[in-house]
Amino acid sequence: MGGIDGMDLGTFGIYTFDFEHQPAAQMRESIQELEKQGWRAFWMPELLGREALTHAGFLLSCTERLHIVNAIAQIWSREARWTHGAALLLADAYPDRHMLGLGFGGQRRPGTKPLAAMSAYLDEMDALEMLNPAPKAPVRRILAAYGPKMLELARDRTASAHTYHVTVAHTAQARQILGPDAFLAVEHAVLFETDPAAARAIARQHLAPYLNSPYNRTKFRRLGYAQEEIDGGGSDRLIDDVVFWGDLDTIVGRLHDHVTAGADHVAVQVIGIEPGQTAMPYWRELADALSPAHVNA
């Protein structure tokens, strides 16, 4: 578990928005502590202002072994040649430590569907003839994928798929589509809160943008949730499936369900953290609970 084409990400990693709100010095201190804790993979989005490849390069420069994964670099935010050029440099400077996650975020181009846009973007990257030195270690690519067609594209063009805000049932379905060999990484949100009403209130606040996104609504409908379960902030069943809440043992047990369902790697996103604060205490607990045998599996 946790390996992709010579890279050992471990069975569990960290996914967070926290660094968007931290100054560089605090980011450096945090990422170095995570490496000392034994985590092998760190996933971060491109959404709140920090440019994906610059962000990845900074975190790679602060660490020695940790794998840094863009999840995702938005394809409509930069041309394919510049994404490819940056990824080549990171592969050369930090062999086998960077993974380029691509997704269809950014300013959408009118009339272009995500699947066609992603396929064209990959075509353009593959056709580029760069004057820059070729790295000894290859550029690793992974695609954000929900639906069957995007999962198939990830399997056929990158051998890697990354899912976000999905259920264990989705993980099982994705594994069937990908087959036994393609790498499947699953993000899942967790919340250290044992009171059901409080936990679901925080989870609904976190999920509100996604429950109103057409792509996510389609994803949930495809997974069997009725329209009324998606509307109005989400049913308890949907909330509980997409955000694992409770005590440490409960959360860890449910994270392992993704592995049982076919995930090679689970990127854990701790929610309920105020902007400017850090989830570090929870990351320490998770590292201990998952144990080095699992974190470094």
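Residues numbered from 1 in each chain as written. Predicted model: local features only at pLDDT ≥ 70, side-chain atom pairs only at ≥ 80, totals over all residues. Heavy atoms only, no water.

Per an unreviewed UniProt entry, the protein chain goes by Putative F420-dependent oxidoreductase and derives from Nonomuraea polychroma.

## With respect to unusual backbone geometry
Here is the rule: Numbering of helices and strands runs from the N terminus, with a helix taken as a DSSP run of H or I at least four residues long and a strand as a DSSP run of E at least two residues long. Three labels apply to residues, based on accessible area from a 1.4 Å probe with only protein chains included: buried if under 20% of the type maximum, exposed if over 50%, partly exposed otherwise in between.
Cis rather than trans, the peptide bond between Ala 71 and Ile 72 has omega equal to 15°. Within the secondary structure, Ile 72 sits in the loop between β5 (67-70) and β6 (73-74). Non-glycine residue Asp 96 carries a positive phi angle of around 65°. Along the chain, Asp 96 turns up in the loop between α3 (80-93) and β7 (98-103). You can call Asp 96 partly exposed: its relative accessible area is 31%. Its identity as a non-glycine residue notwithstanding, His 165 has a phi of 55°, on the positive side. Considering the arrangement of structural elements, one finds His 165 in the loop between β9 (160-163) and α6 (168-178). In this structure His 165 comes out as buried when scored by relative accessible area, which is 1%.

## Things to note about the packing of helix α5 (residues 148-157) against α6
This is how the line gets drawn: To get an axis, a line is fitted to the C-alpha atoms, and for a helix only the part in contact is used. The angle between two axes follows their N-to-C directions and goes from 0 to 180 degrees. Roughly parallel means an angle under 35 degrees; roughly antiparallel means over 145; roughly perpendicular covers 65 to 115; every other angle is labelled oblique. Left-handed describes a crossing in which the near helix is turned anticlockwise from the far one by less than a right angle; the clockwise case is right-handed. Contact criterion: two residues are considered in contact whenever any of their non-hydrogen atoms come within 4.5 Å of each other. Under this grouping Gly is polar, as are all residues other than the nonpolar Ala, Val, Leu, Ile, Met, Phe, Trp, Tyr, Cys and Pro and the charged Asp, Glu, Lys and Arg.
The geometry of α5 relative to α6 is characterised by a closest axis approach of 9 Å and an angle of 50° between their N-to-C directions. Between α5 and α6, the interaxial angle falls into the category oblique. As α5 runs across α6, the sense of the crossing is right-handed. Within the contact between the two elements, α5 uses Pro 148, Leu 151, Glu 152 and Arg 155 and α6 uses Ala 174, Ile 177 and Leu 178. Class assignment for the residues of the contact of α5 with α6 results in five nonpolar, no polar and two charged.

## As for the packing of aromatic side chains
This is how it is decided: Here a Phe, Tyr or Trp ring, Trp counted by its six-membered ring, pairs with any other such ring whose centre lies within 6.5 Å, and the pair is stacked when the planes are under 30 degrees apart, edge-to-face when over 60, and tilted otherwise. Ring-over charges, as used throughout, are those where CZ of Arg or NZ of Lys falls within 6 Å of the ring centre and within 35 degrees of the ring normal.
Summed over the entire model, instances satisfying the criterion amount to eight aromatic pairs. Here Phe 220 and Tyr 225 contribute two aromatic rings whose centre-to-centre distance is 6.3 Å and whose plane-to-plane angle is 85°, an arrangement assigned as edge-to-face. Comparing Phe 220 with Tyr 225, the two get one shared label, buried. Through a chain of ring-to-ring contacts, three or more aromatic side chains come together here, namely Tyr 15, Phe 17, Tyr 164 and Tyr 210. A cation sits over an aromatic face here: Arg 81 above Trp 82, 5.1 Å from the ring centre. Lys 219 extends its terminal NZ or CZ atom over the ring of Tyr 146, reaching a point 4.1 Å from the ring centre.

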